[in-house]
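# Structural description and commentary
As a plain string of letters, each chain reads:
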Amino acid sequence: MRYIEPIAKLIAELGKLPSVGEKTAARYAYALMEESDEDVEALLAAIKDVREKVHFCKICGNFTEGEVCEICATRKPSTICVVKEPKDVTALEKVKGYEGVYHVLHGVISPLDRVGPEDIRIKELLARLNGDVKEVILATNPDVEGEATAMYLARLIKPLGIKVTRIARGLPEGSVIEYADEGTLSRAISSRIEL
């Protein structure tokens, strides 16, 4: 179907969002056209607000409004849970059983995508491994790239005398942490194993 140019542009922009195909983008575009001017302005203001105010924590790499996120500012750094991206922190925090801090890699090692260890936040993680850190939990996704990244990190960290664990297999192979239910995530965290 051909859309008039302004609608086609909106559909094209909405289609750039993850998991949004052309049909869904078209539904969103038509829904936005039916919204009141106030609601559309509120959406635009919220998007602008996020873009202007939210950035990465200088310690862990999670999203924050301040220089340091609330987790890094209030928790003891004796246990660091390493995740791929900020939305994984949000998923793990829903469990409410983990009391340590996080480290967000902002990616995983993926030679096919030309992403190597130097392209993600591994140097920053190693810099955090001082005498206060007793355990590093590797909580990357249980897919090929996540497993490769976890094994790479384990080989770097274990010689430092720090306990290295991997979240347990409560998550199905090839799944994404963000979409796991709280019970599965809770079992995965509590049943982690040392590597």
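Above this text you will find the structure in question.
Described in the following lines is the structure provided in the data block.

### Section: the packing of aromatic side chains
All told, the structure shown has 3 aromatic pairs when counted by the stated rule. Aromatic pair Tyr 3 and Tyr 30: ring centres 6.4 Å apart, planes at 55°, arrangement tilted. Of this pair, Tyr 3 sits in the segment before helix H1 (5-14) while Tyr 30 sits in helix H2 (residues 22-34), placing them 27 residues apart in sequence. Judged by its relative accessible area of 33%, Tyr 30 is partly exposed. Centroid distance Phe 56 to Phe 63: 5.5 Å. Interplanar angle 15°. Geometry classified as stacked. On the accessibility criterion, Phe 56 (45% relative accessible area) is partly exposed.

### Things to note about the layout of surface pockets
Reported here for the largest pocket is a volume of approximately 470 Å³. In this structure, the largest pocket is lined by 15 residues; those nearest its centre are Leu 43, Ala 46, Ile 47, Val 50 and Arg 51. Put simply, the parts of the chain that give the lining of the largest pocket at least two residues each are H1, helix H3 (37-53) and strand S1 (55-56). Top contributing element to the lining of the largest pocket by residue count: H3, with 7 residues.

### A look at the packing of H1 against H2
For the pair H1 and H2, interaxial distance at closest approach is 8 Å and the crossing angle is 125°. Between H1 and H2, the angle is such that the two are oblique. Our pair here, H1 against H2, has a crossing hand that is right-handed. Seen from H1, the contacting residues are Ile 7, Leu 10, Ile 11 and Leu 14; seen from H2, they are Glu 22, Ala 25, Ala 26, Tyr 28, Ala 29, Tyr 30, Leu 32 and Met 33. For the contact of H1 with H2, the class distribution of residues is 11 nonpolar, no polar and 1 charged.

### Quick look at the pairing of strand S4 (residues 101-104)
Here S4 shows a buried face lined by Val 101 and His 103 and a second buried face lined by Tyr 102 and Val 104. Note that strand S3 (residues 79-83) and S4 share 4 bridges and pair parallel. Bridging across to S4, Val 83 finds its partner in Val 104. What joins S3 to S4 is helix H5 (residues 86-93), and the crossover it makes is right-handed.

### Re the side chain of Arg 166
Secondary-structure assignment places Arg 166 in strand S6 (residues 163-166). For Arg 166, the side chain forms a polar contact with the main-chain oxygen of Thr 140, separated by 2.9 Å. At a separation of 3.4 Å, a polar atom in the side chain of Arg 166 contacts the main-chain carbonyl oxygen of Asn 141. Those residues in contact with Arg 166 that sit more than four places away from it in its chain are Leu 138, Ala 139, Thr 140, Asn 141, Pro 142, Gly 146, Glu 147, Ala 150, Arg 192, Ile 193 and Leu 195.

Parameters and conventions
Residues numbered from 1 in each chain as written. Predicted model: local features only at pLDDT ≥ 70, side-chain atom pairs only at ≥ 80, totals over all residues. Heavy atoms only, no water. Phe/Tyr/Trp six-rings, centres within 6.5 Å; stacked < 30°, edge-to-face > 60°. Helix = DSSP H or I, 4+ residues; strand = E, 2+ residues; numbered from the N terminus. Buried < 20%, exposed > 50% of the residue type's maximum accessible area, 1.4 Å probe, protein only. 1 Å grid on protein atoms, 1.4 Å probe; cavity = no way out; pocket = protein on both sides within 12 Å on 5 of 7 lines; lining within 4 Å. Points joined across faces, edges and corners; volume = space filled by probe spheres on them. Axes fitted to C-alpha atoms, helices over the stretch in contact; angles between N-to-C directions. Parallel < 35°, antiparallel > 145°, perpendicular 65-115°, else oblique. Left-handed = near helix turned anticlockwise from the far one by under 90°. Contact = heavy atoms within 4.5 Å. Nonpolar A, V, L, I, M, F, W, Y, C, P; charged D, E, K, R; others polar. Pairing = 2+ DSSP bridges. Right-handed = clockwise from strand over helix to strand, strands pointing away. Polar contact = N/O pair within 3.5 Å; in protein donor to acceptor, adjacent residues only side chain to side chain.

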